[in-house]
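The chain contents come next:
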Amino acid sequence: MTKTLIKGGTVVTAIDQMEADVLIDGGKVVALLGREHTVEADEVVDATGKLVIPGGIDVHTHMELPFGGTFAADTFETGTRAAAWGGTTTIIDFAVQTVGQSAMDGWEAWMEKARGNCAIDYGFHMITGDINDQTLKEMELLVREGVTSFKMFMAYPGVFYSDDGQIVRAMQKAAEDGATICMHAENGIAIDVFVEQALERGETDPMYHGIVRKSILEGEATHRAIKLAELTGAQLYIVHLSAQEALDEVIAARDAGLQVFAETCPQYLFLSLENLGNGFDGAKYVCSPPLRDRAAGHQDRLWRGLRTNDLQVVSTDHCPFCMGDHHTFGTQKQLGRGDFSKIPNGMPGVEPRMELLYSGGVEDGHISLNRFVEISSTTPAKMFGLYPKKGTIAVGSDADIVVFDPAATHVLSVDGHHMDVDYSAYEGWEMTGKVDTVLSKGKVIISDNAYHGSPGDGEYLARGLSQYTN
Ligand SMILES: [Zn+2]
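How each quantity is defined
- Residues numbered from 1 in each chain as written.
- Predicted model: local features only at pLDDT ≥ 70, side-chain atom pairs only at ≥ 80, totals over all residues.
- Heavy atoms only, no water.
- Salt bridge = Lys/Arg side-chain N within 4 Å of Asp/Glu carboxyl O.
- Helix = DSSP H or I, 4+ residues; strand = E, 2+ residues; numbered from the N terminus.
- Buried < 20%, exposed > 50% of the residue type's maximum accessible area, 1.4 Å probe, protein only.
- Pairing = 2+ DSSP bridges.
- Contact = heavy atoms within 4.5 Å.
- Axes fitted to C-alpha atoms, helices over the stretch in contact; angles between N-to-C directions.
- Parallel < 35°, antiparallel > 145°, perpendicular 65-115°, else oblique.
- Left-handed = near helix turned anticlockwise from the far one by under 90°.
- Donors = N, O, S within 2.8 Å, 3.2 Å for Na, K, Ca; no water.
- Disulfide = S-S within 2.5 Å.
- Right-handed = clockwise from strand over helix to strand, strands pointing away.
- Core = buried A, V, L, I, M, F, W, Y, C linked by side-chain atoms within 4.5 Å.
- Phe/Tyr/Trp six-rings, centres within 6.5 Å; stacked < 30°, edge-to-face > 60°.
- Lys NZ or Arg CZ within 6 Å of the ring centre and 35° of its normal.

Student: Can you break down the pattern of salt bridges residue by residue, with the values?
Tutor: What the rule picks out here adds up to 30 salt bridges. In this structure, the salt-bridge partner of R81 is E77, at a minimum N-O distance of 3.3 Å. Of this pair, R81 and E77 are both found in helix α1 (residues 76–85), four residues apart, which corresponds to roughly one turn of the helix. In this structure R81 comes out as partly exposed when scored by relative accessible area, which is 25%. The partner of K342 in a salt bridge is D339, with the nearest N and O atoms 3.0 Å apart. Judged by its relative accessible area of 14%, D339 falls in the buried class.

Student: Just give me the short version of the sheet that holds strand β7 (residues 51–54), but keep the residues and values in it.
Tutor: Pairing within the open sheet is mixed, and its seven strands lie in the order β3-β2-β7-β18-β19-β20-β21. Every other strand in the sheet has two partners, leaving β3 (17–19) and β21 (450–451) as the edge strands with one partner each. Taken together, the two bridges between strand β20 (residues 443–447) and β21 define a ladder with antiparallel strand orientation. Counterpart to I446 in the pairing with β21 is Y451. Relative to β7, helix α12 (residues 369–383) is tilted by about 30 degrees, and along the sheet it contacts β2 (10–12), β3 and β7.

Student: Describe the packing of helix α11 (residues 353–363) against α12, listing the residues and the values that go with them.
Tutor: Taken N-terminus to C-terminus, the directions of α11 and α12 make an angle of 150 degrees; their axes are 10 Å apart at the nearest point. Relative to α12, the element α11 is oriented roughly antiparallel. The handedness of the crossing between α11 and α12 is right-handed. On α12, the residues touching R353, M354, L357, Y358 and V362 of α11 are L369, F372 and S376.

Student: Go over the coordination of the zinc ion with me, naming the residues and quoting the values.
Tutor: Coordination of the zinc ion by the protein comes from H60 (NE2), H62 (NE2) and D317 (OD), over a distance range of 2.0 to 2.2 Å. On the basis of relative accessibility, which here comes to 5%, the residue H62 falls in the buried class.

Student: Can you tell me about the state of the cysteines, naming the residues and giving the values?
Tutor: For the structure on display, the rule yields zero disulfides. Free of any disulfide, C265 has its nearest cysteine sulfur in C287, 8.0 Å distant.

Student: Break down the environment of L51 for me, with residues and values.
Tutor: Take L51: it is sitting in strand β7. Looking at L51, the relative accessible area reads 8%, which means it is buried. Expressed as a C-alpha distance, the spacing of L51 and L369, which sit 318 residues apart in the sequence, is 10.0 Å.

Student: So what's going on with the sheet that holds strand β5 (residues 28–33)? Which residues, and what values?
Tutor: Backbone-to-backbone hydrogen bonds join strands into a sheet, with any given pair of strands oriented parallel or antiparallel. Read from one edge to the other, the open sheet built from four strands follows the order β5-β4-β1-β6, with strand pairing classed as mixed. Taken across any chain shown, the strands that pair with only one partner, and hence form the sheet edges, are β5 and β6 (43–46). Put simply, the sheet's adjacent strands are angled 20 degrees from each other on average, direction ignored. In this structure, strand β1 (residues 3–7) lies alongside strand β4 (residues 21–25), joined through four bridges in antiparallel fashion. Paired with L5 across the strands is L23, a residue of β4.

Student: How would you summarise helix α10 (residues 298–307) if you had to cite specific residues and measurements?
Tutor: Counting buried positions over the 10 residues of α10 gives seven, a clear majority of the element. Buried within α10 we find H298, Q299, R301, L302, W303, G305 and L306. Positive backbone phi, at 65 degrees, marks N309, one or two positions downstream of α10.

Student: So what's going on with the pairing of strand β11 (residues 88–97)? Which residues, and what values?
Tutor: The element β11 is largely enclosed, with a buried count of 10 among its 10 residues. Bridging between strand β8 (residues 56–61) and β11 involves four bridges; their strand directions are parallel. In the strand pairing of β11, T61 is matched with D93. Pairing geometry for β11 and strand β12 (residues 121–128), over eight bridges, is parallel. By the bridge assignment for β12, D93 is matched with F124. Running through helix α2 (residues 103–114), the crossover from β11 to the neighbouring parallel element β12 is right-handed.

Student: Give a description of the nonpolar core that names residues and reports values.
Tutor: Residues I181, M183, L236 and F372 are the most contacted members of the largest nonpolar core, which totals 121 residues. Within the second largest apolar cluster, 15 residues are counted, among which are V11, I24, V29 and V45.

Student: Go over the packing of aromatic side chains with me, naming the residues and quoting the values.
Tutor: Summed over all chains, the structure comprises 18 aromatic pairs. Each ring, one from Y122 and one from Y460, has its centre 6.1 Å from the other, and the planes form 55 degrees; the classification is tilted. Highlighted residues: Y122 in strand β12 and Y460 in the segment after β21, separated in sequence by 338 residues. Residue Y460 is classed as partly exposed on the basis of its relative accessible area, which comes to 21%. Taking the ring centre of F94 as reference, the NZ or CZ of K151 above it sits at 4.3 Å.

Student: Quick rundown of unusual backbone geometry? Include the residues and the values.
Tutor: Outside of glycine, negative phi angles account for most residues, and trans bonds account for most peptide bonds. For the bond from S288 to P289, the omega torsion is -5 degrees, close enough to zero to count as cis. Summarising the element assignment, P289 is placed in the loop between α9 (266–270) and α10. With an omega of 0 degrees, the peptide bond running from Y387 to P388 counts as cis. Residues other than glycine seldom take positive phi values, yet E64 does so here, at roughly 55 degrees. Turning to its location among the elements, E64 is positioned in the loop between β8 and β9 (66–67). The buried category is assigned to E64, whose relative accessible area is 15%. Despite not being glycine, D448 shows a phi value in the positive range, around 50 degrees.

Quick look at the structure:
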């Protein structure tokens, strides 16, 4: 076993900041050492002048997701490698059960896609797209396999949608097993009426995607999900919260002592409805919920929510589709030319998440350095049953560690990013702070601007139940 020493850096966790060297053996952290030590190692990573932080954990990615007649462009191989470049060392992706299919079969199909292909460790949530008696039984089996969270959709009627009755049944089962319900909270039935009316008026540009999916409909669905969780006793985690109306509901629930949590994503913190303008170029920014109106104050409220712990996690909802039609998966965003409702929903984001949160969050004064680590790594690990194996730098934890250079500047661009998609949602953005070196289970997989890992380094993580409580 190789002993590795990360030397000279400032170790930052969700709680602490210390001048310490990190000793790694057998893929795990075995000691945090004060500077005056005589320990020697086979390999030394020089972290002088840099931050040493736990590897990022992105709990919301969609590699190879079938959606709207195409597939998300990143495979498990390209997507997890891009994640590593950006300082993320664990993802939780979403396996899919479609209508009429067994949930176990869906999970096994996604295990097959990921197996031997991932650069970093990975787990799965299960999208339960067809709640019936069989699925309810399978939820219990899945929990035993380490799939301890189930995602449901109040949006996308006819695709992933679950009605309130199905949601109640799944929540009852989740409450029984201690599992978490992840909810896409938008009122999809109401949204579809507005979509139809907009298209009848000839409003076909991407901008209308943002206009018809009104923030009040995210607030309404969030309220309903919370009430159903309250009735059934299920732990509820609202995914990709974008609207202040939804945040208000989460705050009220948390004030009432309910086990209700929520994540937001960089696109909602940094981008806005205006990005959807500029003709079909706006298709780059079509995701659901949509980017919100900056002037209406959503972004400020999300940052405040992150500071006050009303929002606990920042994930990406990484689900890239190409603008051009050269991709091996076939036509992607172009499917929606002339009809915004046919634009595949999703944006690339798994790679720049950590740097965006550091540059636009810590450097710009929205959140502290410790809070940055907490929302990008520690809480995600606790929320989804991976702590303390993942999510911190402590004796016994996996040595998933990022050496981060807080002073380095660089520019985000499609030229040079590693996601397999033909645009950057943050093209030309100047970042302060850069991922320098990345270790996954003690192995240096990124250093000196090169990738040193290989597909299959990443292993499946059978997760425990959520360890996060109010
Ligand atoms: Zn998603």
